[in-house]
Amino acid sequence: GYAVSEGETVLGVQSVGVAFETPDGNAHAIGAFGYSHDFSRNKLEQDVPSVLRDAVAEITRSFGGD
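This one's a predicted model, so the numbers in the text were calculated from it and none came from an experiment.

> Please set out the side chain of Q14 residue by residue, giving values where relevant.
With respect to the helices and strands, the residue Q14 is situated in strand β2 (residues 13-21). Here Q14 falls in the buried class, since its relative accessible area comes to 8%. One polar contact links Q14 to E6, side chain to side chain, over a distance of 3.3 Å. Excluding residues within four positions of it along the chain, Q14 makes contact with S5, E6, G7, A32, F33, G34, S36, F39 and L44.

> Please set out the environment of A19 residue by residue, giving values where relevant.
Counting through the fold element by element, A19 comes out in strand β2. Expressed as a C-alpha distance, the spacing of A19 and R53, which sit 34 residues apart in the sequence, is 9.3 Å. A19 has contacts with H28 and A29, leaving out every residue within four places of it along the chain.

> Explain the pairing of β2 to me, using residue names and the numbers behind them.
Residues Q14, V16, V18 and F20 line the buried face of β2, whereas the alternating positions V13, S15, G17, A19 and E21 sit on a face that is not buried. Pairing of strand β1 (residues 3-6) with β2, which is carried by four bridges, proceeds in the antiparallel orientation. Paired with V4 across the strands is V16, a residue of β2. Count of turn residues in the β1/β2 antiparallel hairpin: six residues, of which G7 carries a positive phi of about 80°. Of the strand pairs in this sheet, β2 and strand β3 (residues 27-35) are connected by nine bridges, and their pairing is antiparallel. Residue pairing across strands places S15 opposite F33, the latter belonging to β3. Here β2 folds back onto β3, and the loop between the two strands holds five residues, one of which, G25, carries a positive phi near 90°.

> Which residues make up helix α1 (residues 41-62), and what are the values?
Compared with the 32 Å implied by 1.5 Å per residue over 22 residues, the 31 Å span of α1 between its first and last C-alpha is a close match. The principal kink in α1, of about 30°, is found at D47, preceding the proline P49 by one to four residues. Every buried residue belonging to α1 is among L44, V48, P49, L52, V56 and T60, and all of these are buried. Check the buried side of α1 and you find it contacts β1, β2 and β3. Immediately downstream of α1, the backbone of G64 shows phi near 90°, a positive value.

About the cut-offs
Residues numbered from 1 in each chain as written. Predicted model: local features only at pLDDT ≥ 70, side-chain atom pairs only at ≥ 80, totals over all residues. Heavy atoms only, no water. Helix = DSSP H or I, 4+ residues; strand = E, 2+ residues; numbered from the N terminus. Buried < 20%, exposed > 50% of the residue type's maximum accessible area, 1.4 Å probe, protein only. Polar contact = N/O pair within 3.5 Å; in protein donor to acceptor, adjacent residues only side chain to side chain. Contact = heavy atoms within 4.5 Å. Pairing = 2+ DSSP bridges. Expected span 1.5 Å × (residues − 1). Bend = angle between axes of the 7 residues up to and from the residue.

Structural data, given as structure tokens:
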């Protein structure tokens with residue numbers, strides 16, 4: 001569950017996003033972006049999505065979710 005943009009919108013900029021639904025049924029997304037030279041393959045495919053998923057967990061907990 002995450003999406004990656006590797007320079008599709010702006011040359012030299014990459015982004016990672018995670019979509020989620022809050023317990024009230026509303027759809028949301030959270031993401032991070034930066035210059036391509038700042039994203040290694042490991043960061044892009046593991047580190048950043050993991051941090052975003054942790055943020056989603058915090059957000060959904062604040063809504064009373066699990």
